[in-house]
Amino acid sequence: MAKRLNTNLTSEWIEAANRLKPRNSRQKIVAYVESYDDVFFWRSILTRFENEKRYFEVMLPSRVNLSKGKKSVLMNIVAKGIGKNMIACVDADYDYLMQGMTEASKKILGSPYVFHTYAYAIENLQCFAPSLHNVCVMATLNDRMIIDFNSYLEQFSESIYPLFVWNIWHYRHNLYMKFSLTDFNRVIDTGHFNIQDPMHGIINVKRKVKNKVRQLEIENPDAQESYIALQKELEALGVVPKNTYLYIQGHYLFDNVVAPMLKRICTTLVRERENEINHKAVHFTQRKNELSCYANSLQDVISMLKKNTDFELSEPYKRLKNDLELFLQAAQDGEPRQMGTNAGQ
């Protein structure tokens, strides 16, 4: 007979179950996440905090239906009484940058048991610039660096930064209908990635951003002071011109900026390796076997990007890591984590 799932899990229930275990058994902490893609991402992070005393079980929001998403996860804060044995792990979206100005932002920043990415979403961390060359190597087994990903995404970030601040300004002033996230994404679209001239798209973005910023300045003539103040606050939260790509919409960054770029680069790298094999093979059979061996070793670059966990050096991850360390130390001491770092303070 199949084991019946407990559909009424609470932090207190898990704590009671942990007490029934032998003294030397590891204690379980349930971590609710938003979707299937989030399971591996958060597992890769939480694994680093497991030891002989504790382990995590990463779960979707509901065990009785297929409901997913951030809203469903946050509902568990009230409905299931999360605590030191049950936590929520979510994308920050704009809620981190809103700093408690909306109900969702208050829930995320105000609970010691809710952990967020600081970056807009998991996709932003998967697209962490210093890790992208390794993603290409994993996919193609060719270590030649075609472009400097750090430089490219820094220049992209610097190009969109002034408009990004305006987008946050509109959301903070409840004027997002006048300049929404969709509007922002439309302006920063780089278009077709040209591997021979990578800067072409960024130059085009700079032009479009400059025009849009001029328009917004005309529409909001009294916003200069609050705009400058917002820039300073965002800097304190970790957002600066060169890393803005980490805080724009994650799916847009992944699907429209990074993935198309990596696909074209990896196609070039694979062709280079195949040409090398064709050139060096001494006879037909060797060429055929070598090409087959290489083809069987290739990986899909998008799959590699989704499994990329090489973002430990990013500032958002460092803040998240600090939050988890404080939470686990407080749980060990029997006290809730003190709030502060979760709000970027």
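You'll find the structure just up there.
None of these values were measured; they are calculated from a predicted model.

A. Spatial organisation of the overall build of the protein chain. If you tally the helices and strands in the protein chain, you get 15 helices and four strands. Buried positions account for 47% of the 345 residues belonging to the protein chain. Within the protein chain, contacts between residues at least 6 apart in sequence are counted, and of these 77% link residues at least 24 apart. Accessible surface, the protein chain: about 17,500 Å² in total, of which carbon and sulfur atoms supply 52%.

B. Focus on the packing of aromatic side chains. Here the structure, examined in full by the defined rule, presents 14 aromatic pairs. Ring plane angle 85° and centroid distance 5.8 Å describe the contact between Tyr152 and Phe193, whose orientation is recorded as edge-to-face. Residue Tyr152 is found in helix 8 (residues 149–172), and its partner Phe193 is found in the loop between helix 9 (181–187) and helix 10 (199–219); the two are separated by 41 residues along the sequence. What makes Tyr152 buried here is its relative accessible area of 5%. Phe193 gets classed as buried once you look at its relative accessible area, which sits at 6%. Ring pairing ties together the aromatic residues Tyr94, Tyr120, Phe164, Tyr171, Tyr176 and Phe184, which thus form one cluster.

C. Here's a closer look at helix 12 (residues 250–280). Compared with the 45 Å implied by 1.5 Å per residue over 31 residues, the 42 Å span of helix 12 between its first and last C-alpha is a close match. Val258 marks where helix 12 bends most, by close to 40°; the proline Pro260 follows one to four residues later.

D. Representation of unusual backbone geometry within the structure. Backbone geometry at Asp93 places phi at a positive 50°, although glycine is not the residue there. The residue Asp93 is located in the loop between strand 3 (86–90) and helix 4 (95–98) in this model. Despite not being glycine, Tyr118 has its phi angle at roughly 65°, a positive value. Along the chain, the position of Tyr118 falls in the loop between strand 4 (114–116) and helix 6 (122–126).

E. Representation of the pairing of strand 1 (residues 27–32) in the model. In terms of burial, strand 1 is a largely internal element, five of the six residues being buried. In this sheet, strand 2 (residues 54–59) lies alongside strand 1 in parallel orientation, the contact comprising six bridges. Across the sheet, Ile29 pairs through a bridge with Phe56, a residue of strand 2. At this point the chain moves from strand 1, through helix 2 (residues 36–46), to the parallel strand 2, and the crossover so formed is right-handed. The pairing of strand 1 with strand 3 spans three bridges and is classified as parallel. When the sheet's bridge partners are listed, Val30 is paired in strand 3 with Met86.

F. Local environment of the pattern of salt bridges. By the definition in use, this model includes 11 salt bridges. The shortest N-O distance in the salt bridge between Arg186 and Asp183 comes to 3.1 Å. Of this pair, Arg186 and Asp183 are both found in helix 9, three residues apart, which corresponds to roughly one turn of the helix. Arg273 is the partner of Glu276 in a salt bridge, and the nearest nitrogen-oxygen pair spans 2.6 Å. Here Glu276 pairs with Arg273, and both are found in helix 12, just three residues apart, close to one helical turn.

G. Representation of the packing of helix 8 against helix 11 (residues 224–236) within the structure. One can describe the packing of helix 8 onto helix 11 by two numbers: an axis separation of 10 Å at closest approach and a directional angle of 105°. As far as their axial angle goes, helix 11 and helix 8 are roughly perpendicular. For the pair formed by helix 8 and helix 11, the contact residues are Tyr161, Pro162, Val165, Trp166, Ile168, Trp169 and Arg172 on the first element and Ser226, Tyr227, Leu230, Gln231, Glu233 and Leu234 on the second. A breakdown of the residues in the contact of helix 8 with helix 11 according to their chemical character gives nine nonpolar, two polar and two charged.

H. Broad picture of the sheet that holds strand 4. Spatially, four strands are ordered 2-1-3-4 in an open sheet, and the strand pairing comes out parallel. Unpaired on one side and paired on the other, strand 2 and strand 4 mark the two borders of the sheet. Shown here is a sheet whose adjacent strand axes are inclined to one another by a mean of 30°, direction ignored.

Rules of the game
- Residues numbered from 1 in each chain as written.
- Predicted model: local features only at pLDDT ≥ 70, side-chain atom pairs only at ≥ 80, totals over all residues.
- Heavy atoms only, no water.
- Helix = DSSP H or I, 4+ residues; strand = E, 2+ residues; numbered from the N terminus.
- Buried < 20%, exposed > 50% of the residue type's maximum accessible area, 1.4 Å probe, protein only.
- Contact = heavy atoms within 4.5 Å.
- Areas by Shrake-Rupley, 256 points an atom, 1.4 Å probe, with all protein chains shown as cover.
- Phe/Tyr/Trp six-rings, centres within 6.5 Å; stacked < 30°, edge-to-face > 60°.
- Expected span 1.5 Å × (residues − 1).
- Bend = angle between axes of the 7 residues up to and from the residue.
- Pairing = 2+ DSSP bridges.
- Right-handed = clockwise from strand over helix to strand, strands pointing away.
- Salt bridge = Lys/Arg side-chain N within 4 Å of Asp/Glu carboxyl O.
- Axes fitted to C-alpha atoms, helices over the stretch in contact; angles between N-to-C directions.
- Parallel < 35°, antiparallel > 145°, perpendicular 65-115°, else oblique.
- Nonpolar A, V, L, I, M, F, W, Y, C, P; charged D, E, K, R; others polar.

These values are about where atoms sit, not about what they do.
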